[in-house]
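# Results of the structural survey
Here's the letter readout for the chains.
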Amino acid sequence: MRWIWIDRILELDKGQRCVAVKNISLAEDVLHDHFPATSSRPAMPVMPNPLIVEGMAQTAGILVGHARNFAEKVILAKIGGAEFTDIAVPGQTIRFTAEIDRIDDAGASIQGHVEVFDSAIGPAQARPLAKIELLFSHIDQNRAGLDFPEHNFVFTEQFMGLLQRSGFGE
Amino acid sequence: MALSHEEIYKRIDDVLVDALALDDDEVTPEAKLVSDLGAESIDFLDIVFRLEKEFEIKIEQGELFPANVLENADYVQDGKVTDAGMEELRKRMAHADLTEFEASRDVEAFSDIFTVDTVVKFVEGKLA
C-alpha cells in the first residue's frame, strides 16, 4: 500500500483552490477491516473517516505548496474540525475541494468540502460527505529551535508525479 | 462604527472557543492561553488567522506573539531575558503587561504573558 489517498487532480487554481478525486476500490486492504463480517451481519466496507481527512490534507497540501512554488515544506499542523454527514463505499468516488482561507509566511488555513458520488449516477449527482478545516505550517518558518532536512521531504516524487499525470506538471 | 470593548471581548471569546475547542465559561480576561487554556504553538497561528478574519485586520508574523525575540542570542542568556531583550519586548508588545514577567525574566515563563486580555488589548490597538 502507498500512502496516497487521492488519485487525480481535476482543478488547481494557484493560491485559491484545488479539486481532487479518490476512487474507492475493494482492492484496498483497509476496507476489509472496516468493517469485517461478524456472526450477526455481513462485511460492511466503508471508507474510514480519518483517511478521508488524509485525502483532504493531501489535496490541500498540494494547493498550499503550489501557492509558493513548492519552496516551502508544508506540514499539516492542526485539524480545526471535521464533520461527516454521510459514508462512502467501494465503487464510489470522493471529490475533495480545498480552498485557501488565509495564507502567509507562517502557514495557511483551509476550508475543505468533501462530496461523494456513485459511478453509476455520475458527478452531477454528488452529495455532501464532510466539511473539514485544516491548518498547515510552513515548517521552516516555524522552526522553534528545530532543524529539518534541507531537501523538500514533503513534496516527493509521489505528489509531483500525481501533479504531472493530472496535467499540472512543469 | 467603532466596536466597543465588550463587543471585541465577545468576538475574541468566540475565536478562542473555536480555535482551542473550549467551553464558553473557560475564557476569562485573566486566563493564560497556554497554561490555562491549553494552547500549543500552532494554535497561535490559528488564533492569528481567525482574528484577521473576524476583525478584517492584517497581523504580521510575530506581531501578536513575538516568540522569535527569544531565539536571538543577544536577548537571552542562561535562560533569562537580558536588558536588551526586555527593551525589545516592551517595544514590540505594547499590548502586554510585562510587570510580572520582568521579575523573573525566565524564558520558560514567557508564554504566561499571553492572557485573553493581552489579545483583547492587541486587537483594540489594531482597530484604533
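For the structure, see preceding data.
Report follows, based on the coordinates. (Residues numbered from 1 in each chain as written. Chains lettered and ligands numbered in written order. Predicted model: local features only at pLDDT ≥ 70, side-chain atom pairs only at ≥ 80, totals over all residues. Heavy atoms only, no water.)

Now for the environment of Phe155 of chain A. Residue and element names in this part refer to chain A. Along the chain, Phe155 turns up in the loop between strand 6 (127-138) and helix 3 (157-165). C-alpha separation for the pair Phe155 and Gly167, spaced twelve residues apart in sequence, amounts to 17 Å. Setting aside its immediate chain neighbours within four residues, Phe155 contacts Gly61, Ile62, Gly65, Phe70, Glu72, Val74 and Met160. (Helix = DSSP H or I, 4+ residues; strand = E, 2+ residues; numbered from the N terminus. Contact = heavy atoms within 4.5 Å.)

Right, let's get into the interface of chain B and chain A. Contacts between the two partners involve 13 residues from chain B, matched on the other side by 19 residues from chain A. Taken together, the two surfaces of chain B and chain A that pack against each other cover about 1200 Å², and 51% of this comes from carbon and sulfur. Contact with chain A buries surface across chain B, with Ile42, Phe49 and Gln61 of chain B losing the most and accounting together for 47% of the total. The partner of Arg50 of chain B in a salt bridge is Glu133 of chain A, with the nearest N and O atoms 3.3 Å apart. On the surface where chain B and chain A come into contact, there are six residue pairs in polar contact (both at pLDDT 80 or more). Top contributing element to the side of chain B that touches chain A by residue count: helix 2 (residues 41-55) of chain B, with eight residues. Here the side of chain B that touches chain A is built from residues that sort into five nonpolar, one polar and seven charged. (Buried area = accessible area lost by both parts, 1.4 Å probe. Salt bridge = Lys/Arg side-chain N within 4 Å of Asp/Glu carboxyl O. Polar contact = N/O pair within 3.5 Å; in protein donor to acceptor, adjacent residues only side chain to side chain. Nonpolar A, V, L, I, M, F, W, Y, C, P; charged D, E, K, R; others polar.)

Next up on the list: the sheet that holds strand 2 (residues 17-23) of chain A. As summarised here, the arrangement of the six strands in space is 1-2-4-5-6-3 (chain A), forming an open sheet in which the pairing is antiparallel. Either end of the sheet is taken by a strand with one partner, and the two such strands are strand 1 (8-13) and strand 3 (74-84) of chain A. Adjacent strand axes in the sheet meet at a mean angle of 20°, parallel and antiparallel pairs treated alike. Relative to strand 5 (residues 107-118) of chain A, strand 4 (residues 92-103) of chain A runs antiparallel, the two sharing eleven bridges. Directly across from Arg102 of chain A, in strand 5 of chain A, lies its bridge partner Ser109 of chain A. Its contacts with the sheet put helix 2 of chain B on strand 3, strand 4, strand 5 and strand 6 of chain A, and the angle it makes with strand 6 of chain A is roughly 115°. (Pairing = 2+ DSSP bridges. Axes fitted to C-alpha atoms, helices over the stretch in contact; angles between N-to-C directions.)

Let us look at the packing of aromatic side chains. Residues and elements named next belong to chain B. Here the structure, examined in full by the defined rule, presents seven aromatic pairs over all chains. The interplanar angle of 65° and the centroid separation of 5.9 Å between the aromatic rings of Phe44 and Phe114 together place this pair among those described as edge-to-face. Of this pair, Phe44 sits in helix 2 while Phe114 sits in the loop between helix 4 (99-104) and helix 5 (116-127); the two residues are 70 residues apart in sequence, bridging distant segments of the chain. Residue Phe44 shares its accessibility class with Phe114, and that shared class is buried. Taken together through their ring pairs, the aromatic side chains of Phe44, Phe65, Phe101, Phe110 and Phe114 make up a single cluster. (Phe/Tyr/Trp six-rings, centres within 6.5 Å; stacked < 30°, edge-to-face > 60°. Buried < 20%, exposed > 50% of the residue type's maximum accessible area, 1.4 Å probe, protein only.)

All names here are of chain B. As a packed pair, helix 1 (residues 5-20) and helix 5 sit with axes 10 Å apart at the nearest point and diverge in direction by 125°. By the angle class used here, helix 1 and helix 5 are oblique. Where helix 1 crosses over helix 5, the handedness of that crossing is right-handed. Here helix 1 contributes His5, Ile8, Tyr9, Ile12 and Leu16 to the contact with helix 5, which in turn contributes Val116, Val119, Val120, Val123, Glu124 and Leu127. Classifying every residue of the contact of helix 1 with helix 5 by side-chain character gives nine nonpolar, one polar and one charged. (Parallel < 35°, antiparallel > 145°, perpendicular 65-115°, else oblique. Left-handed = near helix turned anticlockwise from the far one by under 90°.)

Our next topic: the pattern of salt bridges. One pass over the full model with this rule turns up 24 salt bridges over all chains. Its salt-bridge partner being Glu115 of chain A, residue Arg95 of chain A comes within 3.1 Å of it at the nearest N-O pair. Of the two residues, Arg95 of chain A sits in strand 4 while Glu115 of chain A sits in strand 5, which places them 20 residues apart along the sequence. Given the relative accessible area of 18%, Arg95 of chain A is considered buried. Across the pair Asp14 of chain B and Lys10 of chain B runs a salt bridge whose closest N-O atoms are separated by 2.9 Å. A residue pair is termed a helical-turn pair when its members lie 3 or 4 positions apart in one helix, as Asp14 of chain B and Lys10 of chain B do in helix 1 at four residues. Owing to a relative accessible area of 33%, Asp14 of chain B belongs among the partly exposed residues under this scheme. A relative accessible area of 44% means that Lys10 of chain B is categorised as partly exposed. Here the residues in one salt-bridge network are Lys78 and Glu133 of chain A together with Asp43, Asp46 and Arg50 of chain B, joined through shared partners.

Shape descriptors only; they carry no functional weight alone.
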